[in-house]
Amino acid sequence: MRSMKKLFAILSMLLLLCGGSILFVSCELGENDPEDVKRLVGTWEGHVERKDVEYILSFFEEDMRVTFTMVLLWPNLDGDNSIMLENTSWSVDGDVFYVGPYEGEILSDSRIVLKTNWGNPWETEEERTRIVFDKVSDLPGDTDATQEDPEDPEDEPEEEVINDPEMVSRVVGLWERKDEANGEAVMLEFRESMHVVEYGYDANMYRTDSSYKWETVNDRIRTTGLQTGFVYFWAQLVNDGVMITSSSSGGEVYAKLPEPVYNVPETIQSVIGVWQSDDGDTFELNADMTYSENGVLSEFGVWRTCNDEVQLLWDEEFVAWVRTERYIISGDELIRYPGFAESRRYHRVADETANVDR
């Protein structure tokens with residue numbers, strides 16, 4: 001309940017920041033023609049670009065009130081996932097209606113649009129979000145139209161098993177998603193400490209990272225904010241090597257990376273030497289595991305191989321991905337991770353050998 005109260009407080013504050021709450025306010029005066037009223041009475045569902053939030057409006061005729069519920073489709077840690085604001089007045093005048101201080105339009109008997117600040121509370125009066133609602137029932141407050149019947153035994157939630165050791169062991173490790181069309185690659189590092197770090201790359205460089213907590217709930221994975229406890233995403237294992245996440249951005253597929261194998265002698269020998277990009281930049285991988293860039297020896301950096309990658313570490317040992325340059329080994333090319341068409345390529349320089357006497 002603490003989380004629900006926190007959410008209610010946050011929402012109320014944001015609405016007030018935008019020029020007024022929708023609670024217990026007077027509407028613009030409409031004619032309230034009985035036929036117009038009849039078109040609106042019932043339960044309506046709406047969505048905005050954030051797919052993890054659903055809005056429900058219920059128009060009542062007897063006292064011209066409307067209830068508004070915001071449903072978070074991914075519950076927070078306490079399981080609370082809805083906020084209800086009740087007893088707001090409404091009126092209608094032809095195809096125009098008013099809910100509190102907000103104006104809407106009847107597009108048809110089954111679809112309406114309402115201009116609000118709910119989708120983005122920082123928008124100005126002129127930029128208010130247009131939320132499209134579809135009618136799901138002619139009865140106001142018809143919960144059967146929007147949620148499962150809690151009294152149906154078949155709909156009772158199963159008992160939660162948190163952090164089953166076998167499930168946890170299947171999740172721990174690195175998971176990767178590459179989206180070349182959007183020019184991004186994402187790695188999820190699930191740690192035994194029950195923290196997960198999300199790393200983002202563009203076609204040529206490390207871009208950002210974010211940290212969350214994680215836990216397993218039955219056969220799913222739940223990630224939550226470190227401080228807020230709000231759910232960032234849920235995930236499902238398709239098998240031991242494929243994970244599908246569910247979040248505001250939709251389902252995303254991750255593949256589990258193999259266990260890292262470092263510095264295989266054959267791999268080291270295959271990449272020692274000088275590598276050059278098309279625009280003339282070079283780096284030299286030395287046999288003593290030091291490296292030079294454009295002829296300048298890195299003072300503290302060393303290099304290593306990891307599976308099919310060469311990794312330049314900016315320090316004497318691995319510290320963080322942000323301080324690691326990654327290159328995919330591809331024959332006589334080293335391709336900057338994540339290996340997209342736009343990723344930088346280095347070619348082996350013929351008749352050049354590394355300095356092995358350092």
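A. Quick look at the overall build of the protein chain. Within the protein chain, the secondary structure is distributed over 4 helices and 25 strands. Residues classed as buried in the protein chain amount to 44% of the 358 residues present. Summing over all exposed atoms, the protein chain offers an accessible surface of approximately 19300 Å²; the carbon and sulfur share of this is 48%.

B. A look at the sheet that holds strand 14 (residues 231-239). Pairing is antiparallel around the closed barrel formed by 8 strands, whose spatial order is 9-10-11-12-13-14-15-16. The average angle at which neighbouring strand axes cross in this sheet is 30 degrees, direction not considered. Bridging between strand 15 (residues 242-246) and strand 16 (residues 252-256) involves 4 bridges; their strand directions are antiparallel. Residue pairing for strand 16: Val-242 is matched across the bridge by Ala-255.

C. Quick look at the sheet that holds strand 17 (residues 273-277). Strand order in the open sheet formed by 9 strands is 20-19-18-17-25-24-23-22-21, with antiparallel pairing between adjacent strands. The open sheet terminates on both sides in strands that have one partner only, identified here as strand 20 (296-297) and strand 21 (302-306). As paired strands, strand 17 and strand 25 (residues 345-348) are joined by 3 bridges and run antiparallel to one another. Residue pairing across strands places Trp-275 opposite Arg-348, the latter belonging to strand 25.

D. The arrangement of a nonpolar patch on the surface in detail. A cluster of nonpolar side chains, namely Val-238, Ile-244 and Val-253, defines an oily patch on the protein surface of about 240 Å² accessible area. Its location among the elements puts Val-238 in strand 14.

E. Representation of the packing of aromatic side chains in the model. By the definition in use, this model includes 12 aromatic pairs. Seen in terms of ring centroids, Phe-190 and Trp-214 are 5.2 Å apart; in terms of plane orientation they differ by 85 degrees. Their pairing is edge-to-face. With Phe-190 in strand 10 (residues 184-190) and Trp-214 in strand 12 (residues 206-217), the pair connects residues that are 24 residues apart, well separated along the chain. Trp-214 shares its class with Phe-190; the two are buried. Ring geometry for Tyr-212 and Tyr-232: centres 4.2 Å apart, planes at 10 degrees, overall stacked. Taken together, the residues Tyr-212 in strand 12 and Tyr-232 in strand 14 connect sequence positions 20 residues apart. Among the aromatic residues, those joined into a ring-pair cluster are Tyr-199, Tyr-201, Tyr-206 and Tyr-337. Over the ring of Phe-60 we find Arg-65; its NZ or CZ atom is 3.9 Å from the centre of that ring. Positioned above the aromatic ring of Tyr-337, the side-chain terminus of Arg-326 is 3.7 Å from the ring centre.

F. Region of interest: the nonpolar core. Formed by 20 residues in total, the largest nonpolar core has its most connected members in Leu-40, Leu-57, Phe-59, Trp-90, Phe-97, Ile-112 and Phe-133. At the level of elements, helix 2 (34-40), strand 2 (53-60), strand 3 (65-72), strand 4 (82-93), strand 5 (96-99), strand 6 (102-108), strand 7 (111-116) and strand 8 (129-137) are the ones that each hand at least two residues to this core. Of the residues forming this core, the biggest block, 3 residues, is contributed by strand 2.

G. Molecular detail of a negative patch on the surface. Together, Glu-31, Asp-33, Glu-35 and Asp-93 line one region of the surface with negative charge. For Asp-33, the location among the structural elements is in the loop between helix 1 (2-17) and helix 2. Among the residues examined, Asp-33 registers a relative accessible area of 35% and is labelled partly exposed.

H. A look at the side chain of Thr-216. Here Thr-216 shows up in strand 12. We classify Thr-216 as buried; its relative accessible area is 0%. Among the polar contacts made by the side chain of Thr-216, one reaches the main-chain amide nitrogen of Asp-164 at a distance of 3.4 Å. Setting aside residues up to four positions removed in sequence, Thr-216 forms contacts with Val-161, Ile-162, Asn-163, Asp-164, Met-167, Val-168, Val-171 and Ile-221.

I. Quick look at the environment of Asn-263. For Asn-263, the position within the fold is in the loop between strand 16 and helix 4 (265-271). In this structure, the C-alpha to C-alpha distance between Asn-263 and Thr-305, residues 42 residues apart in sequence, is 4.9 Å. For Asn-263, the residues in contact, after removing those within four places along its chain, are Ile-268, Met-289, Arg-304 and Thr-305. Looking at Asn-263, its side chain comes within polar contact range of the main-chain nitrogen of Thr-305, at 2.9 Å.

J. Geometry of the side chain of Glu-189. Summarising the element assignment, Glu-189 is placed in strand 10. Within the structure, the side chain of Glu-189 is placed 3.4 Å from the side chain of Arg-191, a separation counted as a polar contact. Those residues in contact with Glu-189 that lie beyond four places of it in its chain are Gly-173, Leu-174, His-195, Val-196, Val-197, Tyr-199 and Trp-321.

K. The arrangement of empty space enclosed by the protein in detail. In the structure shown here, the tally under the stated rule is 1 cavity of 30 Å³ or more. Its boundaries defined by the atoms lining it, the largest cavity holds a volume of some 40 Å³. In terms of lining, the largest cavity is formed by Tyr-201, Asn-204, Met-205, Tyr-206, Thr-324, Glu-325, Arg-326, Arg-336 and Tyr-337. Considering each element in turn, the lining of the largest cavity owes the most residues, 3 residues, to strand 23 (residues 324-330).

What counts, and at which threshold
Residues numbered from 1 in each chain as written. Predicted model: local features only at pLDDT ≥ 70, side-chain atom pairs only at ≥ 80, totals over all residues. Heavy atoms only, no water. Helix = DSSP H or I, 4+ residues; strand = E, 2+ residues; numbered from the N terminus. Buried < 20%, exposed > 50% of the residue type's maximum accessible area, 1.4 Å probe, protein only. Areas by Shrake-Rupley, 256 points an atom, 1.4 Å probe, with all protein chains shown as cover. Pairing = 2+ DSSP bridges. Axes fitted to C-alpha atoms, helices over the stretch in contact; angles between N-to-C directions. Patch = residues over 30% accessible without salt bridge, like charges linked within 9 Å, V, L, I, M, F, W, Y side chains within 5 Å. Salt bridge = Lys/Arg side-chain N within 4 Å of Asp/Glu carboxyl O. Phe/Tyr/Trp six-rings, centres within 6.5 Å; stacked < 30°, edge-to-face > 60°. Lys NZ or Arg CZ within 6 Å of the ring centre and 35° of its normal. Core = buried A, V, L, I, M, F, W, Y, C linked by side-chain atoms within 4.5 Å. Lys, Arg positive; Asp, Glu negative; His and termini not counted. Charge placed at Lys NZ, Arg CZ, Asp CG, Glu CD. Polar contact = N/O pair within 3.5 Å; in protein donor to acceptor, adjacent residues only side chain to side chain. Contact = heavy atoms within 4.5 Å. 1 Å grid on protein atoms, 1.4 Å probe; cavity = no way out; pocket = protein on both sides within 12 Å on 5 of 7 lines; lining within 4 Å. Points joined across faces, edges and corners; volume = space filled by probe spheres on them.

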